[in-house]
Amino acid sequence: MGKTKTALLTGVTGQDGSYLAELLLSKDYEVHGVVRRVAIEDGDVRYTRIKHILKDITLHSGSIESHQSIFAAVNIVKPDEVYHLAAQSFVGESFADEFTTMKVNSEGTHNILSCCRSIVPDCRFYFAGSSEMFGEVLQTPQTEKTPFNPRSIYGISKCVGFHLTKHYRTAYGMHASSGILFNHEGPRRGYEFVTRKISRYAAKIKLGLAKTLPLGNLSAVRDWGHAQDYVEAQWLMLQQDQPDDYVVATGVTHTVYEFCKAAFGLLSLKCEDYITVDERFKRPSDVNFLLGDATKARKVLGWKPKISFEDMVAEMVRNDY
């Protein structure tokens, strides 16, 4: 029996990409991914999240900044579904390198939408939006109708991608949807993100490999879920008859400090004994409070998170320990 559908993923080597590829394979998809040439040349490092499924997926060399390489990949695969996950996604880095963040995230999205429209106009397209688009929030909790008010170049660039996706949906009739995903974590999260930094340092301190955990804003409030739950919402969006935009969130908040307390507590440590506040890790303009309302996703997609905050933190700490 042949494969049911063909999917093309950008960002397949990342946290979300690896979980989504696993999900699609479990549903008998033919899965393709776009990866940079440097990743192909350094596969031992770059493919750590997908090494267990490499034999089951097909990778294509390309860069989302290059219209030509994306055009070639889409033309070869001719996918039924496209999941655009690739981005410069570390908010802190967007302050250090504004121009690369803006170029990769906005032009990259534009390139992929343009190629899909030219080659496979009937394909279903998913754009990975972000709660950082809400920025300094204008209402709480945040829904699909909450105005965007970004506080970083990353947030601004994601707003551009969101509006490009909406433009291709309304102007050209493409089945193009955006997921406004709140923070989602797991043991495959990159080391530069605060949650993985916390779980990793808790393990290192327990094992005597570190003495302190340097952090920035301990009082920042986030709505944290598990990436494995969130990729299911991405897939569900493209199974709907009509394209649309959805907030994906748990509706529960925790501070960075509470994350620390939970992670260190699992190893019988008190985080207060090890945390140091380092001004270098504070952003020039920070987002202090994000809380999502995923009512629409629950009603229309039938989606809800399965993995609790506590279980997510425990999985991350166990993995790093």
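Just so we're clear, the structure is a prediction, and the values are computed from it rather than from any experiment. (Residues numbered from 1 in each chain as written. Predicted model: local features only at pLDDT ≥ 70, side-chain atom pairs only at ≥ 80, totals over all residues. Heavy atoms only, no water.)

**Observations concerning the side chain of Ser 130**
Then, number 1: Mapped onto the secondary structure, Ser 130 falls in strand E5 (residues 124-130).
Then, number 2: One polar contact links the side chain of Ser 130 to the main-chain amide nitrogen of Glu 132, over a distance of 3.0 Å.
Then, number 3: Excluding residues that lie within four positions of it along the chain, Ser 130 makes contacts with Tyr 154, Lys 158, Gly 179, Ile 180 and Leu 181. (Helix = DSSP H or I, 4+ residues; strand = E, 2+ residues; numbered from the N terminus. Polar contact = N/O pair within 3.5 Å; in protein donor to acceptor, adjacent residues only side chain to side chain. Contact = heavy atoms within 4.5 Å.)

**As for helix H8 (residues 194-206)**
Then, number 1: Under the 1.5 Å per step criterion, the end-to-end length of H8 is 18 Å for 13 residues, consistent within 8% with the ideal 18 Å.
Then, number 2: For H8, the elements touching its buried residues are strand E7 (184-185), strand E8 (213-215), helix H10 (256-265) and helix H12 (309-320).
Then, number 3: Residue Gly 208 follows H8 closely and has a positive phi angle near 75°. (Expected span 1.5 Å × (residues − 1).)

**Some details on the layout of surface pockets**
Then, number 1: Taken as a whole, the second largest pocket spans an internal volume of roughly 190 Å³.
Then, number 2: Taken together, Glu 144, Lys 145, Thr 146, Phe 148, Phe 162, His 163, Lys 166, Arg 169, Asp 244, Asp 245 and Lys 296 make up the lining of the second largest pocket.
Then, number 3: Ranked by residue count, the leading element in the lining of the second largest pocket is helix H7 (residues 153-172), at four residues.
Then, number 4: Along the lines of polarity and charge, the residues of the lining of the second largest pocket split into two nonpolar, two polar and seven charged. (1 Å grid on protein atoms, 1.4 Å probe; cavity = no way out; pocket = protein on both sides within 12 Å on 5 of 7 lines; lining within 4 Å. Points joined across faces, edges and corners; volume = space filled by probe spheres on them. Nonpolar A, V, L, I, M, F, W, Y, C, P; charged D, E, K, R; others polar.)

**Some words on the environment of Leu 23**
Then, number 1: Assignment of secondary structure puts Leu 23 in helix H1 (residues 15-26).
Then, number 2: Distance from Leu 23 to Leu 267, taken between C-alpha atoms, is 31 Å for residues 244 residues apart in sequence.
Then, number 3: Excluding residues within four positions of it along the chain, Leu 23 makes contact with Val 231, Glu 232 and Trp 235.

**Comments concerning the packing of aromatic side chains**
Between two aromatic rings, the relevant description is the distance of the centres plus the angle of the planes.
Then, number 1: The full count for this structure, using the stated rule, is ten aromatic pairs.
Then, number 2: Seen in terms of ring centroids, Phe 259 and Phe 309 are 5.6 Å apart; in terms of plane orientation they differ by 85°. Their pairing is edge-to-face. Of this pair, Phe 259 sits in helix H10 while Phe 309 is found in helix H12, placing the two residues 50 residues apart along the sequence. Note on accessibility: Phe 259 and Phe 309 belong to one class, buried.
Then, number 3: Above the plane of the ring of Tyr 191 lies Arg 200, whose end atom (NZ or CZ) is 4.0 Å from the centre.
Then, number 4: A cation sits over an aromatic face here: Lys 296 above Tyr 246, 5.0 Å from the ring centre. (Phe/Tyr/Trp six-rings, centres within 6.5 Å; stacked < 30°, edge-to-face > 60°. Buried < 20%, exposed > 50% of the residue type's maximum accessible area, 1.4 Å probe, protein only. Lys NZ or Arg CZ within 6 Å of the ring centre and 35° of its normal.)

**Notes on the packing of H10 against H12**
Then, number 1: Viewed as axis vectors pointing N to C, H10 and H12 meet at an angle of 60°, and their least axial separation amounts to 9 Å. Here H12 runs oblique to H10, going by the angle between their axes. The crossing of H10 and H12 is right-handed. Residues Phe 259, Ala 262 and Ala 263 of H10 touch H12, and the partners they reach there are Phe 309, Met 312, Val 313, Met 316 and Val 317.
Then, number 2: Tallied by class, residues from the contact of H10 with H12 come to eight nonpolar, no polar and no charged. (Axes fitted to C-alpha atoms, helices over the stretch in contact; angles between N-to-C directions. Parallel < 35°, antiparallel > 145°, perpendicular 65-115°, else oblique. Left-handed = near helix turned anticlockwise from the far one by under 90°.)

**Some thoughts on the nonpolar core**
For soluble globular proteins, the rule of thumb is that nonpolar side chains tend to be buried together.
Then, number 1: With 34 residues, the main nonpolar core has Leu 9, Leu 20, Leu 24, Tyr 83, Tyr 126 and Trp 303 as its most contacted residues.
Then, number 2: At the level of elements, strand E1 (6-10), H1, strand E2 (30-35), E5, helix H9 (227-237), strand E11 (245-248) and helix H11 (295-301) are the ones that each hand at least two residues to this core.
Then, number 3: Considering each element in turn, this core owes the most residues, seven residues, to H9.
Then, number 4: With sequence-adjacent residues up to four places away left out, Leu 9 is seen in contact with Gly 17, Leu 20, Ala 21, Leu 24, Val 31, His 32, Gly 33, Val 34 and Tyr 83.
Then, number 5: Core analysis: the second largest hydrophobic core is formed by 32 residues, Leu 8, Ile 64, Ala 73 and Ile 119 among them. (Core = buried A, V, L, I, M, F, W, Y, C linked by side-chain atoms within 4.5 Å.)

**Some thoughts on the sheet that holds E2**
Then, number 1: Strand order in the open sheet formed by seven strands is E3-E2-E1-E4-E5-E6-E11, with parallel pairing between adjacent strands. Both edges of this open sheet fall to strand E3 (57-61) and E11, since each of them pairs with a single strand only. Across this sheet, the average inter-strand angle for adjacent strands is 20°, counted without regard to direction.
Then, number 2: In this sheet, strand E4 (residues 81-84) lies alongside E1 in parallel orientation, the contact comprising four bridges. What sits directly across from Leu 8, in E4, is Val 82. (Pairing = 2+ DSSP bridges.)

**Let's talk about the pattern of salt bridges**
Then, number 1: Evaluation of the coordinates by the stated rule reveals eleven salt bridges.
Then, number 2: For the salt bridge of Asp 56 with Lys 55, the shortest nitrogen-to-oxygen distance reads 3.7 Å.
Then, number 3: Under the relative-accessibility criterion, Lys 55 is labelled exposed at 72%.
Then, number 4: The partner of Asp 244 in a salt bridge is Lys 296, and the shortest N-O contact between them spans 3.0 Å. One end of the pair, Asp 244, is in the loop between H9 and E11; the other, Lys 296, is in helix H11, and 52 residues separate them in sequence. (Salt bridge = Lys/Arg side-chain N within 4 Å of Asp/Glu carboxyl O.)

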